[in-house]
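Close look at the chain arrangement
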Amino acid sequence: GRISLAERDAVLSALLDELAAHSELLLIADNLDLAISGSYAGISLLCDAIDRGVRLLATVQHEELLKELGSAPALARRLLPVRIPPVHRSETLRALEQFARQCGCDVSPAAVLAAVEITERQQAVQPAAAVGLLSAAVAEAAWRTSKRITPDDLTSVLKPQWPQ
């Protein structure tokens, strides 16, 4: 079912109260814009929590949503936007090649490239998505007691996502 804005704000309030009581914690909020969009109460709760010492590291999904958050003066005074450019494909490949060398399996170069291509088509966040896909294929291969990872192993990891 759906959660109403009032329910969402109540959950957010309880979470922020708990975090304010534990100043050693850091709130990591993925897609902060979705958590507080359409709710002036949510923005107010977040501002109050920051004023009470809640430490926050957050992401937004799109540049337009960052602008929308910045248009709330109370929030704009409390947050500092930092733009992190997307990871270049060569960096993702380098990370996957390093993972492949350390995983204990023989990962084919074609599998490394396929992991990047598949996750790029899904517009996933790199390199985490590609590493996640390759590590799932390694885990599945270990279950089958196989030591070689090919592009077909990546496909078999994704196969349960396809409708039957």
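What you are looking at is a predicted structure, and each value in this text was computed from that prediction instead of being measured.

Next up on the list: the nonpolar core. Leu-96, Cys-105, Val-107, Leu-133, Leu-134, Ile-149 and Leu-154 are the most contacted members of the largest nonpolar core, which totals 21 residues. Contributing elements (two or more residues each) for this core: helix H6 (89–102), helix H7 (109–121), helix H8 (128–143) and helix H9 (151–158). If we ignore the near neighbours within four places in the chain, the residues touching Leu-133 are Ala-115, Ile-118, Thr-119, Leu-154, Val-157 and Leu-158. Within the second largest apolar cluster, 16 residues are counted, among which are Leu-27, Ile-36, Ile-43 and Leu-46.

As a further point, take unusual backbone geometry. Positive phi is not limited to glycine here, since Asn-31 has a value of about 60°. Topologically, Asn-31 is positioned in the loop between strand S1 (26–29) and helix H2 (32–36). The phi dihedral of Thr-145 is positive, around 60°, even though this residue is not glycine. Mapped onto the secondary structure, Thr-145 falls in the loop between H8 and strand S4 (148–149). For Thr-145, a relative accessible area of 70% corresponds to the exposed category.

Here the largest pocket defines a volume of roughly 1300 Å³. Forming the boundary of the largest pocket are 33 residues, of which Ala-58, Thr-59, Val-60, Val-82 and Ile-84 lie nearest the centre. Along the lines of polarity and charge, the residues of the lining of the largest pocket split into 22 nonpolar, six polar and five charged.

This part is about the pattern of salt bridges. In total, this model carries eight salt bridges according to the counting rule given. In this structure, Asp-17 engages Arg-52 in a salt bridge whose closest nitrogen and oxygen atoms are separated by 2.9 Å. Here Arg-52 lies in the loop between helix H3 (40–51) and strand S2 (55–58) and Asp-17 lies in helix H1 (residues 5–21), a separation of 35 residues in the sequence. You can call Arg-52 partly exposed: its relative accessible area is 38%. The partner of Arg-89 in a salt bridge is Glu-120, with the nearest N and O atoms 3.0 Å apart.

The topology assignment puts Gln-126 in the loop between H7 and H8. At 2.6 Å, the side chain of Gln-126 and the side chain of Thr-119 are in polar contact. Other than its neighbours up to four places away in sequence, Gln-126 contacts Val-87, Thr-92, Val-116, Thr-119 and Glu-120.

This paragraph deals with the packing of H6 against H8. It is at 10 Å that the axes of H6 and H8 come closest, and there the two elements cross at 25°. Overall, the two elements H6 and H8 adopt an arrangement that is roughly parallel. For the element pair H6 and H8, the recorded crossing hand is right-handed. Of the residues in H8, those touching H6 at Thr-92, Leu-96 and Phe-99 are Ala-130, Val-131, Leu-134, Ser-135 and Val-138.

Attention now goes to the packing of H6 against H7. Close contact between H6 and H7 brings their axes to 9 Å; oriented N to C, the two are set at 135°. Comparing their axes, H7 and H6 come out oblique. As for the relative orientation of H6 and H7, their crossing is right-handed in sense. Taken together, the residues of H7 that come into contact with H6 (itself represented by Arg-89, Thr-92, Leu-93, Leu-96, Glu-97 and Ala-100) are Val-112, Leu-113, Ala-115, Val-116, Glu-117 and Glu-120.

About the cut-offs
Residues numbered from 1 in each chain as written. Predicted model: local features only at pLDDT ≥ 70, side-chain atom pairs only at ≥ 80, totals over all residues. Heavy atoms only, no water. Core = buried A, V, L, I, M, F, W, Y, C linked by side-chain atoms within 4.5 Å. Buried < 20%, exposed > 50% of the residue type's maximum accessible area, 1.4 Å probe, protein only. Helix = DSSP H or I, 4+ residues; strand = E, 2+ residues; numbered from the N terminus. Contact = heavy atoms within 4.5 Å. 1 Å grid on protein atoms, 1.4 Å probe; cavity = no way out; pocket = protein on both sides within 12 Å on 5 of 7 lines; lining within 4 Å. Points joined across faces, edges and corners; volume = space filled by probe spheres on them. Nonpolar A, V, L, I, M, F, W, Y, C, P; charged D, E, K, R; others polar. Salt bridge = Lys/Arg side-chain N within 4 Å of Asp/Glu carboxyl O. Polar contact = N/O pair within 3.5 Å; in protein donor to acceptor, adjacent residues only side chain to side chain. Axes fitted to C-alpha atoms, helices over the stretch in contact; angles between N-to-C directions. Parallel < 35°, antiparallel > 145°, perpendicular 65-115°, else oblique. Left-handed = near helix turned anticlockwise from the far one by under 90°.

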